[in-house]
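Examining the three-dimensional arrangement
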Amino acid sequence: MNEQTRTVEFSHTEWMKCIQYEDINGSGRLFGGRLMQWMDEVAGITATRHCGSYVTTAAVDNLTFKKGAFINEIIVIIGRMTYVGRSSMEVRVDVYVEDRKTGNRQVINRAYFTEVCVNEDGRPVPVQYRLETITDTEKAEWEGALKRIEIRRKRRAEGY
């Protein structure tokens, strides 16, 4: 059987936003829930671009708030495929604040989203395309995904 593949670069997704007043919390920082919503959207778009189908979010791992972001700052959210299983996919989502003058980016958040390929009825279906990992970094992300999958299995078995 000739399996179809897509590369990590194929579905790479980058989204930018200037933080507005409606995006900040009472402390004057970007509201974490709003950022999580945007990250979920980027993860879903990345997975959809890879599988060519509908997706739904099943889990979020290692959501880490490293630094706050503030009004009028430019944030950049990048989604990259890290793993593809039978019907599930993992997407790494990184969030940066971009310096207006230099273009330099500083990481403020990172998480791994598990997306499931679904049909029009919302039922899981096989992902049509395998993930071709080319670089050492992409291969390391795949190995990391296998570890996260095992941790999730153990936690489910323990009732978490």
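Residues numbered from 1 in each chain as written. Predicted model: local features only at pLDDT ≥ 70, side-chain atom pairs only at ≥ 80, totals over all residues. Heavy atoms only, no water.

**Re the overall build of the protein chain**
- Counting its secondary structure elements, the protein chain contains three helices and seven strands.
- Along the chain direction, N to C, the helices and strands of the protein chain fall in the order β-α-β-α-β-β-β-β-β-α.
- The principal-axis extent of the C-alpha atoms belonging to the protein chain is close to 50 × 40 × 30 Å.
- Scored against the burial criterion, the 160 residues of the protein chain give a buried share of 39%.
- Put simply, 72% of the contacts in the protein chain that link residues at least 6 apart link residues at least 24 apart.
- Distance from the positive charge centre (24 side chains) to the negative charge centre (23 side chains) of the protein chain: 3 Å. (Helix = DSSP H or I, 4+ residues; strand = E, 2+ residues; numbered from the N terminus. Buried < 20%, exposed > 50% of the residue type's maximum accessible area, 1.4 Å probe, protein only. Contact = heavy atoms within 4.5 Å. Lys, Arg positive; Asp, Glu negative; His and termini not counted. Charge placed at Lys NZ, Arg CZ, Asp CG, Glu CD.)

**Thoughts on helix H3 (residues 136-157)**
- Here H3 spans 32 Å end to end across 22 residues, near enough to the 32 Å set by a 1.5 Å rise per residue.
- Those residues of H3 not exposed but buried are Glu138, Glu141, Gly144, Ala145, Arg148, Ile149 and Arg152. Down the axis of H3, the buried set is contained in an arc of 155°. They therefore lie on one face. Away from its buried face by more than 90 degrees, H3 exposes Asp136, Lys147, Lys154 and Ala157. (Expected span 1.5 Å × (residues − 1). Arc of directions from axis to C-beta.)

**Focus on the state of the cysteines**
- As enumerated under the stated definition, the model contains zero disulfides in all.
- Here Cys51 stays free of any disulfide, with the sulfur of Cys117 as its closest cysteine sulfur at 3.9 Å.
- The buried category is assigned to Cys117, whose relative accessible area is 2%. (Disulfide = S-S within 2.5 Å.)

**Digging into the nonpolar core**
- Formed by 26 residues in total, the largest nonpolar core has its most connected members in Leu35, Met39, Ile75, Ile77 and Met89.
- The greatest single-element share of this core, amounting to seven residues, is contributed by helix H2 (residues 32-51).
- Apart from the residues lying within four places of it in its own chain, the contact partners of Ile75 are Trp15, Met16, Lys17, Ile19, Leu30, Leu35, Trp38, Ala69, Val95, Tyr96, Val97 and Ile108. (Core = buried A, V, L, I, M, F, W, Y, C linked by side-chain atoms within 4.5 Å.)

**Examining the side chain of Arg92**
- Tracing the chain through its elements places Arg92 in strand E5 (residues 88-98).
- Side-chain polar atoms of Arg92 contact the side chain of Asp94, separated by 2.8 Å.
- If near-sequence neighbours (up to four positions away) are discounted, Arg92 is found in contact with Ile78, Gly79, Arg80, Thr82, Arg110, Ala111, Tyr112 and Glu141. (Polar contact = N/O pair within 3.5 Å; in protein donor to acceptor, adjacent residues only side chain to side chain.)

**Some remarks on the sheet that holds strand E4 (residues 74-84)**
- Strands sit in the order E2-E4-E5-E6-E3 across an open sheet of five strands; the sheet is antiparallel. Because the sheet does not close on itself, it has two edges, and the strands there are strand E2 (13-18) and strand E3 (54-65). Going across the sheet, the axis of each strand differs from the next one's by a mean of 25°, ignoring polarity.
- Contacts from H2 reach E2, E3, E4, E5 and strand E6 (105-118), with the element oriented near 45° to E4.
- Here H3 sits on the sheet in contact with E3, E4, E5 and E6, set at roughly 80° to E4. (Pairing = 2+ DSSP bridges. Axes fitted to C-alpha atoms, helices over the stretch in contact; angles between N-to-C directions.)

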